Amino acid sequence: MTQNKIIITSAKQMASPAVDKLVSALAKRYDFAADDYSVESKIDPKLESGFTIKVNNDFYDYSLLGKLKNLAGALYSSDVDLDDISKEALRDMLFNHNQFGAGSVWDLTAGKGSLEVENGDKNVIEPHAKTFSTSAFAKESSLYAKLLLAKKVSDLSDDTQNKLSDIFDNQKQEMADVLSVSDGIAKVRGLKHCVNGEMIIFNSGAIGLAMNLEKDEIGVVLLNLEDSVQSGSSCKGSGQVLSVPCGNAFLGRVIDPLGRPLDHEQHLQATHYRPIEHPAPAIIDRKQVKEPLYTGVTAIDSMIPIGKGQRELIIGDRQTGKSTIAIDTILNQKGKNVICIYVAIGQKMSTVKSQVALLRARGAMAYTIVVAASASVSAAMQYIAPYSACAMAEEYMYENHQDVLVIYDDLSKHAQAYRAISLLLHRPPGREAYPGDVFYIHSRLLERAACLSDNKGGGSITAIPIVETQSGDISAYIPTNVISITDGQIYLESDLFFAGQRPAINVGLSVSRVGGSCQAKSMRKAAGPLRVSMAQFRELQAFSQLSGEMDATTAQQIARGQRLNEILKQSEHLNRSMALSLLLISLCTNAGFDEVPVKDLRHYIDSFSEYLIKERSDVLTEFENIEVVTDLEVNMLKDIFNDFYHNSLSEKQQSDAAATAETAETAEVKES
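Report on the accompanying structure. The structure displayed is predicted, hence computed values, not measured ones.

What about the overall build of the protein?
For the protein, the helix and strand inventory stands at 21 helices and 20 strands. Relative to its 672 residues, the protein shows a buried fraction of 52%. As displayed, the protein offers around 30,800 Å² of accessible surface, 51% of which is attributable to carbon and sulfur atoms.

With respect to the packing of aromatic side chains
Scanning all chains against the criterion turns up twelve aromatic pairs. Considering the side-chain rings of Phe 497 and Phe 498, the 5.6 Å spacing of their centres and the 85 degrees angle between planes classify their relative orientation as edge-to-face. The exposed category is assigned to Phe 498, whose relative accessible area is 66%. Within the aromatic cluster, the residues linked to one another by ring pairs are Phe 593, Tyr 604, Phe 608, Tyr 611, Phe 641, Phe 644 and Tyr 645. Positioned above the aromatic ring of Tyr 434, the side-chain terminus of Arg 419 is 4.3 Å from the ring centre.

Some points on the nonpolar core
By size, the foremost hydrophobic cluster in this structure holds 73 residues, and its most contacted members are Ile 330, Leu 583, Phe 608 and Phe 623. Top contributing element to this core by residue count: helix H18 (residues 578-589), with nine residues. When residues no more than four places from it in sequence are discounted, the contact partners of Phe 608 are Leu 583, Leu 584, Leu 587, Ile 640, Phe 641 and Phe 644.

Remarks on the pattern of salt bridges
Tallied over the entire structure, the rule returns 23 salt bridges. The closest approach of N and O atoms between Arg 274 and Glu 399, which form a salt bridge, is 3.7 Å. One end of the pair, Arg 274, is in strand S13 (residues 272-275); the other, Glu 399, is in helix H10 (residues 379-399), and 125 residues separate them in sequence. Overall, the relative accessible area of 9% leaves Arg 274 in the buried class. Assessed through its relative accessible area of 45%, Glu 399 is described here as partly exposed. When the shortest N-O distance is used, the salt bridge between Arg 444 and Glu 277 registers 2.9 Å. Here Glu 277 lies in the loop between S13 and helix H7 (298-303) and Arg 444 lies in helix H12 (residues 438-446), a separation of 167 residues in the sequence. Under the relative-accessibility criterion, Arg 444 is labelled buried at 18%. Classification of Glu 277 as partly exposed rests on a relative accessible area of 32%. When salt bridges that share partners are traced, they join Arg 286, Arg 311, Glu 447 and Asp 487 into one network.

Regarding the packing of helix H17 (residues 552-568) against helix H19 (residues 598-615)
Two elements in contact, H17 and H19, have axes separated by 9 Å at closest approach and are oriented at 30 degrees. By the criterion of interaxial angle, the relationship of H17 to H19 is roughly parallel. Crossing of H17 against H19: the hand is right-handed. Across from Gln 562, Arg 563, Glu 566 and Ile 567 in H17, the residues of H19 making contact are Val 598, Leu 601, Arg 602 and Ile 605. Residue composition of the contact of H17 with H19, by class: four nonpolar, one polar and three charged.

Here we look at unusual backbone geometry
The omega torsion of the bond from Asp 409 to Asp 410 falls at -5 degrees, within 30 degrees of zero and hence cis. Residue placement: Asp 410 occurs in the loop between strand S17 (403-409) and helix H11 (411-424). Cis geometry is adopted by the peptide bond preceding Pro 503, which originates at Arg 502 and carries an omega value of 0 degrees. Its place among the elements puts Pro 503 in the loop between helix H14 (494-498) and strand S20 (511-512). A positive phi angle, near 55 degrees, is found at Glu 432, a position not held by glycine.

Observations regarding the sheet that holds strand S14 (residues 313-316)
The eight strands are arranged S12-S16-S15-S17-S18-S14-S19-S20 in an open sheet whose pairing can be described as mixed. With one partner strand each, in any of the chains shown, strand S12 (254-255) and S20 form the two edges of the open sheet. Examined bridge by bridge, S12 and strand S16 (residues 368-373) share two bridges and lie parallel to one another. Bridge pairing links Val 254 to Val 370 in S16. Sitting on the sheet, H10 touches S12, strand S15 (338-345), S16, S17 and strand S18 (460-468), and the angle it makes with S15 is about 175 degrees.

Reading the values: rules and limits
Residues numbered from 1 in each chain as written. Predicted model: local features only at pLDDT ≥ 70, side-chain atom pairs only at ≥ 80, totals over all residues. Heavy atoms only, no water. Helix = DSSP H or I, 4+ residues; strand = E, 2+ residues; numbered from the N terminus. Buried < 20%, exposed > 50% of the residue type's maximum accessible area, 1.4 Å probe, protein only. Areas by Shrake-Rupley, 256 points an atom, 1.4 Å probe, with all protein chains shown as cover. Phe/Tyr/Trp six-rings, centres within 6.5 Å; stacked < 30°, edge-to-face > 60°. Lys NZ or Arg CZ within 6 Å of the ring centre and 35° of its normal. Core = buried A, V, L, I, M, F, W, Y, C linked by side-chain atoms within 4.5 Å. Contact = heavy atoms within 4.5 Å. Salt bridge = Lys/Arg side-chain N within 4 Å of Asp/Glu carboxyl O. Axes fitted to C-alpha atoms, helices over the stretch in contact; angles between N-to-C directions. Parallel < 35°, antiparallel > 145°, perpendicular 65-115°, else oblique. Left-handed = near helix turned anticlockwise from the far one by under 90°. Nonpolar A, V, L, I, M, F, W, Y, C, P; charged D, E, K, R; others polar. Pairing = 2+ DSSP bridges.

Next up, the structure:
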């Protein structure tokens, strides 16, 4: 039978009667028989004064150093100026501040069974302050706290000063030992009350996530400082799930999944934190998705509309423009009071830098947060990245009642990271070596996207996950999982991409299950027949390649389809407003572009769009608020385009004539 062990560590030698009295109280509290425990006394001058007690895996800190660390943690996470800290606030930091979450206050002189538990606010101190005050910086942080104490000592009563040196509010913690460390996974024994997803803090300052709760040990995934954790190291539970900082301070910044800046700018000071795991809103707390979220891509806004609070998947092979559509959607939210969060999972950091540079150049970083877990970081960091981003989004939705757009780029790499972690944790593999709960990791993430009801104050989270396919196989494991979770998908096809159709959207396999309920009435009526027309055009085009002859009706349908196809083509990062898309579709479906050769149509569409934006903004304003596009508006558009087209032709003819004359003159000069 294993004997119980009591270890008392003091700053200086304690008197034998005091030790005996302390041990007697401990034995009584724990019901230890006289021959069922051993006592070990240690001296550690670093404690400054007071003592610590370890009873098996329970740890109590009555030392001055412990309270100074608590104070350092509180000061580290506070944005209050030192000169503004009141006597009451300082005393609260010293005696009531609970650095590691839920703790207890224990009076050793109390009778058996009178353990009083005081639950602290788990969100007072965030994980990084905990790391700061328990890491290699502990010595510096305690010195910093002592300097503040010296500065404020005149404000403290004699009773409080005496309390500093001997009697402190204690904090019960389970201490555990690291059995082994391998590939970023630590096997830990001793945390009997640990919960799944709890943050584990190691004595080196490393942070881990408890993921495997077994009978005798816990599998902890290390999130940082992996090399500092070794077999024999000690650790303790935090009493809370992993939390990330939130707030407007992160707008315009590039951060890692733990909220630490990656853009080498000033340090981020946050005062509020949210757990990365949070229940999805209940059905009664949601309302129907009715408000559109425009992407600036005509093909999507017309045929596959996305609403605020929807989950729309972008799926396709690599290098087909998935991330481009996502970035264009962020660019299109400028001035629309939508907060955007872009999560880069498993991408090259050079790619992330180029995307951030584009967003910054276009002024989009003012309302965007970039959470980067690049391919060079651990699988654990890639795994928590989307949950961290979702927690930040929930802060805006629940607290500020704002609309948020979250882009997960991409969940294929997220699933691969989770597969790597699961295999290292020795979880049984299933289909394609993924664990059995790989569906659940994405469902619980995407279910948090919602449109809150008015009773809850409104606000929404729109989720756009991206999934990569292999050779167009959308029936693979992860693609089918995410398709079944989301409210529709935008399928990008490699053949269309290489044929010059950009964006390469396959209309037949793309769908929005929210549909026209979140679409403007004018766009819904104008784009209603568009999907059918494009599907018929693709079939007729494929058939016409096999036949040498076709009737006039078929030829007209193919010509109209070719013009519609040109309308739906769009250069990257060149967004169109809803009014401009509606205007172009209305013109094309009513034979407004029939006079223009198909090979020249793309050029004239871009030029005409630029002309409308610069010279005829009144027309775009009218179409922004129009409910139904009548024949009157269509005829007006035709007149405007015909005038523009013929003026452009005249200018082109004059330019060609001038160029011809200049060429002839140059030739004559050479001959002479």
